[in-house]
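Spelled out from the first residue to the last, the chains are:
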Amino acid sequence: MDQHQIQPTAPHDHTRCIADALGLAETVCAKRGARLTPLRRRVLELVWNSHRPVGAYAILDDLREGDKAAAPPTVYRALDFLMEQGLIHRIESLNAFVGCDHPEDRHVSQFLICTNCSAAVEIDDRGIANAVKKSAAEAGFTVNRFTVELQGTCPACAKAA
């Protein structure tokens, strides 16, 4: 797990962070035969602008700065593509999106969400995923999709308190 996953507010070279995410996205899409169009790439870049979840309409507002004709369906189609490719995750409780640190590996993520500053940290604990799948199977339930979201206080906010 890299440092910004553990503490998203820790100092790091965010310009490089975004560039790395975009480069990895291009590689992943090329391997999968998926087309990362300039618009999809720009939406991904906007999602990665911070390590905080961002809503579709905030993305739309940013897109409209360069393209006044940008519309909600365009943003939602781009977000759907990025989620299908595992490049971003949707945080259901916030109706917002965050970039995925390791999209080359399809996985079920868990999120630690700070209720004070809205920082979202992705963790990938296979034990949690397996326990949920096992419990669902024992109940005869077929899981199509799931996200685990834990809300609480991040280390920076806890320290500030």
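Remember, predicted model here, so these are calculated numbers, not experimental data.

The rules behind these values
- Residues numbered from 1 in each chain as written.
- Predicted model: local features only at pLDDT ≥ 70, side-chain atom pairs only at ≥ 80, totals over all residues.
- Heavy atoms only, no water.
- Buried < 20%, exposed > 50% of the residue type's maximum accessible area, 1.4 Å probe, protein only.
- Helix = DSSP H or I, 4+ residues; strand = E, 2+ residues; numbered from the N terminus.
- Arc of directions from axis to C-beta.
- Phe/Tyr/Trp six-rings, centres within 6.5 Å; stacked < 30°, edge-to-face > 60°.
- Lys NZ or Arg CZ within 6 Å of the ring centre and 35° of its normal.
- Pairing = 2+ DSSP bridges.
- Axes fitted to C-alpha atoms, helices over the stretch in contact; angles between N-to-C directions.
- Contact = heavy atoms within 4.5 Å.

Asker: Can you help me understand helix α4 (residues 56–66) in this one?
Answerer: Each α-helix turn comprises 3.6 residues. Residues three or four places apart therefore point the same way. Burial in α4 covers these residues: A56, I59, L60 and L63. The buried residues of α4 occupy one face: seen down the axis, they fall within an arc of 100 degrees.

Asker: Before we go on, may I ask you to explain the packing of aromatic side chains in this structure?
Answerer: In this structure the tally under the stated criterion is one aromatic pair. Geometry around F81 places R40 over its ring, the cationic atom sitting 3.8 Å from the centre.

Asker: Could you clarify how one ought to interpret the sheet that holds strand β3 (residues 110–114) in this entry?
Answerer: Strand pairing in a sheet relies on backbone hydrogen bonds. The paired strands run either parallel or antiparallel. Sheet architecture is open: three strands sit in the order β4-β3-β5, paired in mixed fashion. Two strands lie at the open edges of the sheet, namely β4 (120–123) and β5 (148–152), each paired on one side alone. If you compare each strand with its neighbour and ignore which way they point, the axes differ by 20 degrees on average. Pairing geometry for β3 and β5, over five bridges, is parallel. Across the sheet, Q110 pairs through a bridge with V148, a residue of β5.

Asker: Help me understand the environment of E45, please; the structure alone is not making it clear to me.
Answerer: Structurally, the position occupied by E45 is in helix α3 (residues 38–47). The exposure class of E45 is partly exposed, given its relative accessible area of 25%. Placed 68 residues apart in sequence, E45 and I113 show a C-alpha to C-alpha distance of 21 Å. In this view, E45 contacts I18 and L22; residues no more than four positions away in its chain are not counted.

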